[in-house]
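# Inside the fold
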Amino acid sequence: MDRITTSTLNRYKREGRKFAALTAYDASFAAAFAEQGVPVLLIGDSLGMVLNGDEDTLKVTVEDVAYHTRAVSKGAPKALVIADMPFMSYATPEQAFDSAATLMRAGAQMVKLEGGDWLLDTVRGLTQRSVPVCAHLGLTPQSVHVFGGFKVQGRGDDAGKAILDQALRLQDAGAAMLVLECVPTELARTVTEALSIPVIGIGAGPHTDGQILVMHDLFGITSGYIPKFAKNYLAQTNSLQAAVAAFVEEVEHGRFPGPEHCFN
Ligand code: KIV
Ligand code: NA
């Protein structure tokens, strides 16, 4: 795999080439994912749930994400490594600059933060200070207690329009990428077509430029609740490597997600 950069993904978008992404938290899995052709690895604050057993992502700290980012970036030196900015680590632009510095020094090439208009100055400030930013709209899990649960967002014309408008403003502010989580398929299509930056979906239908899954969902390692957008690739293959390869294949050929993984 050549070194993956934002230019690589921008080119994929222009060429209409779909790409896979996975969360990763350690060097061994990161290396295996990169070896199977996954160009983008996210150290998600989902680690609070899948590694630590919490019910939400709110207890995760910048140091937690930095620890796992160091491991992932060593395991997959050619992947584009994105680190999540945890809950309340970017409440002000100054705080965001400090948190981003820690994560970039840990080996991230981009940071991801959740939210819309309230983040425009922060996104602009980070970008001006040489930190590439991935925005995250739709079901933003750090807001789970505001939403009253992990619920699909952007349903209805007004809610959909609000997400589209925020996506455009985040792009104008300098965001280099966007994650859309748990929104109706048609909204994700509209946003993906309206933006020039790559859009990565999870529970957002087949029309986004990239698809991301939490790695545990790909392997069917779940404690109880299985999200609608998840697919267990290990069930149809006989090794972790083959499961990852099948995911990459299905994403690149537009076969994942299927209608059963989508919201309307
Ligand atoms: O924390 C995470 O794993 C994420 C992805 C699900 C996009 O933010
Ligand atoms: Na996250």
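Everything numeric in this text was worked out from a predicted model, so none of it was measured.

About the criteria used
- By convention here, each chain's residues receive numbers from 1 onward along its written sequence.
- The order in which chains are written sets their letters, starting at A; the order in which ligands are written sets their numbers, starting at 1.
- Side-chain atom pairs in this predicted model are given and counted only at pLDDT of 80 or more, local residue features only at pLDDT of at least 70, and totals for whole chains, interfaces and linings cover all residues.
- Each residue receives a C-beta atom built from its backbone; the residue is near a molecule or strand if that atom lies within 6 Å of it.
- Lys, Arg, Asp and Glu make up the charged group, whereas Ala, Val, Leu, Ile, Met, Phe, Trp, Tyr, Cys and Pro make up the nonpolar group; the residues left over, Gly among them, are polar.
- UniProt positions are given in the numbering used here, feature names are shortened, and annotations may be inferred rather than shown by experiment.
- Secondary structure elements follow DSSP: runs of H or I of four or more residues count as helices, runs of E of two or more count as strands, with numbering from the N terminus.
- Two residues qualify as being in contact provided that their C-beta atoms, derived from the backbone, are within 7 Å of each other.
- Each residue is classed by its C-beta neighbour count within 10 Å, where at least 20 other C-beta atoms makes it buried, 12 or fewer makes it exposed, and intermediate counts make it partly exposed; the C-beta atoms are placed from backbone geometry.
- Here an angle of 0 to 180 degrees is reported between the N-to-C directions of two axes, which are lines fitted to C-alpha atoms, with helices fitted over the stretch in contact.
- Just so you know how the angles are binned, under 35 degrees is roughly parallel, over 145 roughly antiparallel, 65 to 115 roughly perpendicular, and the rest oblique.
- Handedness of a crossing is defined here by the sense of rotation of the near helix relative to the far one, left-handed for an anticlockwise turn of less than a right angle and right-handed for a clockwise turn.

### Details of the site of ligand 1
- Inspection of the region around ligand 1 gives Thr23, Leu42, Gly44, Asp45, Ser46, Asp84, Val179, Glu181, Ile202, Ile212 and Val214 as its neighbouring residues.
- Residue composition of the shell around ligand 1, grouped by class: five nonpolar, three polar and three charged.

### Some points on the UniProt feature "binding site: 3-methyl-2-oxobutanoate" (unreviewed entry) in the protein
- Within this numbering scheme, the UniProt entry marks Asp45, Ser46, Asp84 and Lys112 as carrying the feature "binding site: 3-methyl-2-oxobutanoate" (unreviewed entry). These residues run over 68 residues, yet every pair of their C-alpha atoms falls within 12.5 Å of each other.
- Checked against the element boundaries, Ser46 lands in the loop between β2 (40-43) and α3 (47-50).
- Residues in contact with Ser46, not counting those within four places in the same chain, are Thr23, Thr57 and Val214.
- Tracing the backbone through its elements, the reader meets Asp84 in strand β3 (residues 80-84).
- Given 32 C-beta atoms within 10 Å, Asp84 falls into the buried group.
- Aside from chain neighbours lying at most four places away, what touches Asp84 is Leu42, Ile43, Gly44, Asp45, Val65 and Lys112.

### Section: the packing of helix α2 (residues 27-35) against helix α4 (residues 62-75)
- Closest axis-to-axis distance for the α2/α4 pair is 7 Å, and the angle between their directions is 40 degrees. It follows that α2 is oblique to α4 by the angle criterion. In this structure, α2 crosses over α4, and the sense of that crossing is right-handed. Within the contact between the two elements, α2 uses Ala27, Ser28, Ala30 and Ala31 and α4 uses Ala71, Val72, Lys74 and Gly75.

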